[in-house]
Amino acid sequence: VDELFREACRIAVEDGGFRMAWIAIIDRNVMEMVPVASVGVNAELLAAIKGRLSLRGGAPLEDNMAARAVIDKKTVVSNDLQSNPKVEFGRNHADYGIRSIAILPLIVSDEVVGVLALCVSESEFFHEEEMKLVTELAGDIAFAIDHIEKAEKLTYFAYYDVLTGLANRTLFLERL
């Protein structure tokens, strides 16, 4: 799965022409999004983003685009980060040449498992045609996540008993 995330970010930046791309996955134990892959994002900005990806009830969610994308299960776009006072990192992104950002939820089985953030240097970049393409990209990533998880479960169930978690006959004979 990590390789999928790294490649998706790399392709978005190198082939898609985006300035930055990052993916964060939801850790349900601590109710935070954890960045798992990024391309074009420097360590300072990633650390600033990482500290603000909380989904806990007391966190200020109204100015957090990623949290809104998760809660609403909808893409959140800002086509002018510098003049949008609701975007918490608007000034930080502007320092790195980012003018527009789209945060897309990664939805598997009607549940958001993470987000894909795509950043560009142009203002007013994300319009209908671009949104169709990036929404399809997010859907493809979510589809791949779902199939990778299912394949891992099938592999596990092929060698371990579902009820007890102990090695089954197939694994026993293979090891013997």
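Sequence order as written defines the numbering, with residues in each chain counted from 1. With pLDDT at 70 or above as the cut-off, local features in this predicted model cover only qualifying residues; side-chain atom pairs require 80 or more to be listed or tallied, and sums for whole chains, interfaces and linings still use all residues. Note that the side-chain values use all heavy atoms of the structure and ignore hydrogens as well as water.

*Asks:* Just checking my understanding: could you explain the overall build of the protein for this structure?
*Replies:* The secondary structure listing takes helices from DSSP runs of H or I that are at least 4 residues long and strands from runs of E that are at least 2 residues long, numbered from the N terminus. When you go through the protein residue by residue, the secondary structure sums to six helices and five strands. Structurally, the protein occupies a C-alpha span of about 65 × 40 × 30 Å along its principal axes. For every residue, the accessible area obtained with a 1.4 Å probe (protein chains only) is divided by the maximum for its type, and the residue is called buried under 20%, exposed over 50%, and partly exposed between those limits. Classification of the 176 residues of the protein by burial places 39% in the buried group. Contact criterion: two residues are considered in contact whenever any of their non-hydrogen atoms come within 4.5 Å of each other. Taking the intrachain contacts of the protein between residues at least 6 apart in sequence as the baseline, contacts between residues at least 24 apart amount to 49%.

*Asks:* Sorry if this is basic, but what is going on with the sheet that holds strand β1 (residues 20-27) here?
*Replies:* Sheet strands line up and pair through hydrogen bonds in the backbone, either parallel or antiparallel. Any two strands with at least two DSSP bridges between them are considered paired. Read from one edge to the other, the open sheet built from five strands follows the order β2-β1-β5-β4-β3, with strand pairing classed as antiparallel. Two strands close off the open sheet at either side, each with one partner strand: β2 (32-39) and β3 (76-78). Each strand axis lies, on average, 20 degrees off the axis of its neighbour in the sheet, ignoring direction. For helices, the fitted axis covers only the stretch in contact; all axes are lines through C-alpha atoms, and the angles between them, taken along N-to-C directions, range from 0 to 180 degrees. Sheet contacts for helix α5 (residues 128-159): β1, β3, β4 (100-108) and β5 (111-120); angle to β4, the most-contacted strand, approximately 35 degrees.

*Asks:* Looking at this structure, I do not really get a nonpolar patch on the surface. What am I missing?
*Replies:* Residues enter a patch when their relative accessible area is above 30% and they make no salt bridge; the linking distance is 9 Å between like charges and 5 Å between nonpolar side chains (Val, Leu, Ile, Met, Phe, Trp, Tyr). With residues, only the protein chains shown are counted as cover, and all accessible areas are computed by Shrake-Rupley using a 1.4 Å probe. By definition here, a salt bridge exists when the distance from a side-chain nitrogen of Lys or Arg to a carboxyl oxygen of Asp or Glu is within 4 Å. On the surface, Tyr156, Phe157 and Val162 cluster together into a nonpolar patch covering about 300 Å² of accessible area. Here Val162 lies in the loop between α5 and α6 (169-175).

*Asks:* Teacher, can you tell me more about α5 here?
*Replies:* Helical geometry: 3.6 residues make up each α-helical turn, so side chains three or four residues apart lie on a common side. Between its terminal C-alpha atoms α5 stretches 47 Å, which fits the 46 Å expected from 32 residues at 1.5 Å a residue. Taken together, the buried positions of α5 are Met131, Val134, Ala138, Ile141, Ala142, Ala144, Ile145 and Asp146. Looking at the buried residues of α5, the elements they touch are α1 (2-14), β1, β3, β4 and β5. The span one expects for a helix is its residue count, reduced by one, times 1.5 Å.

*Asks:* How do you make sense of the side chain of Asn64 when you look at a structure like this?
*Replies:* Mapped onto the fold, Asn64 is located in the loop between α2 (43-50) and α3 (65-72). Judged by its relative accessible area of 7%, Asn64 falls in the buried class. Polar contacts, as used here, are pairs of N or O atoms within 3.5 Å; protein pairs need one atom able to donate a hydrogen and one able to accept it. Residues neighboring in sequence count only if both atoms are side-chain atoms. For Asn64, the side chain forms a polar contact with the main-chain nitrogen of Ala67, separated by 3.1 Å. Asn64 has contacts with Arg52, Leu53 and Ser54, leaving out every residue within four places of it along the chain.

*Asks:* Looking at this model, I keep getting lost on the side chain of Asp146. Mind explaining?
*Replies:* With respect to the helices, strands and loops of the structure, Asp146 is situated in helix α5. Not counting residues within four places of it along the chain, the set of residues in contact with Asp146 comprises Val108 and Ser109.

*Asks:* Quick question: what am I supposed to make of the packing of aromatic side chains here?
*Replies:* One pair of aromatic rings is described through two measures. These are the centre distance and the angle between the planes. In this analysis, rings of Phe, Tyr and Trp, with Trp reduced to its six-membered ring, are considered paired at centre separations within 6.5 Å, and the interplanar angle assigns stacked below 30 degrees, edge-to-face beyond 60, and tilted for intermediate values. Summed over the entire model, instances satisfying the criterion amount to five aromatic pairs. Both rings, one in Phe18 and one in Phe126, keep their centres 6.2 Å apart while their planes meet at 10 degrees; by these two values the pair is stacked. Here Phe18 is found in the loop between α1 and β1, whereas its partner Phe126 is found in the loop between β5 and α5, with 108 residues between them in sequence. No difference in accessibility class separates Phe18 from Phe126, as the two residues are buried. Ring pairs connect the aromatic residues Phe18, Phe125 and Phe126, which therefore count as one cluster.

*Asks:* Just checking my understanding: could you explain the pairing of β1 for this structure?
*Replies:* Moving residue by residue along a regular strand, the side chains alternate between the two faces of the sheet. Burial runs high along β1: six of the eight residues are buried. Looking at chain direction, β1 and β5 are connected through six bridges and run antiparallel. Bridge pairing in β5 links Met20 to Cys119. Counting the residues between successive antiparallel strands, the hairpin from β1 to β2 contains four residues, one of them, Met31, with a positive phi of roughly 55 degrees.

*Asks:* How do you make sense of the packing of α1 against α5 when you look at a structure like this?
*Replies:* In helix packing, the relevant descriptors are the interaxial angle and the interaxial distance, both defined with respect to the helix axes. Their axes nearest at 11 Å, the elements α1 and α5 cross at an angle of 165 degrees. Relative to α5, the element α1 is oriented roughly antiparallel. Classified by chirality, the crossing of α5 by α1 is right-handed. Judged by residue contacts, Leu4, Phe5 and Ala8 of α1 engage Ile141, Ala144, Ile145 and Ile148 from α5. Roughly parallel here means an angle under 35 degrees, roughly antiparallel means over 145, roughly perpendicular means 65 to 115, and every remaining angle is called oblique. A crossing counts as left-handed when the near helix is turned anticlockwise from the far one by less than a right angle, and as right-handed when that turn is clockwise.

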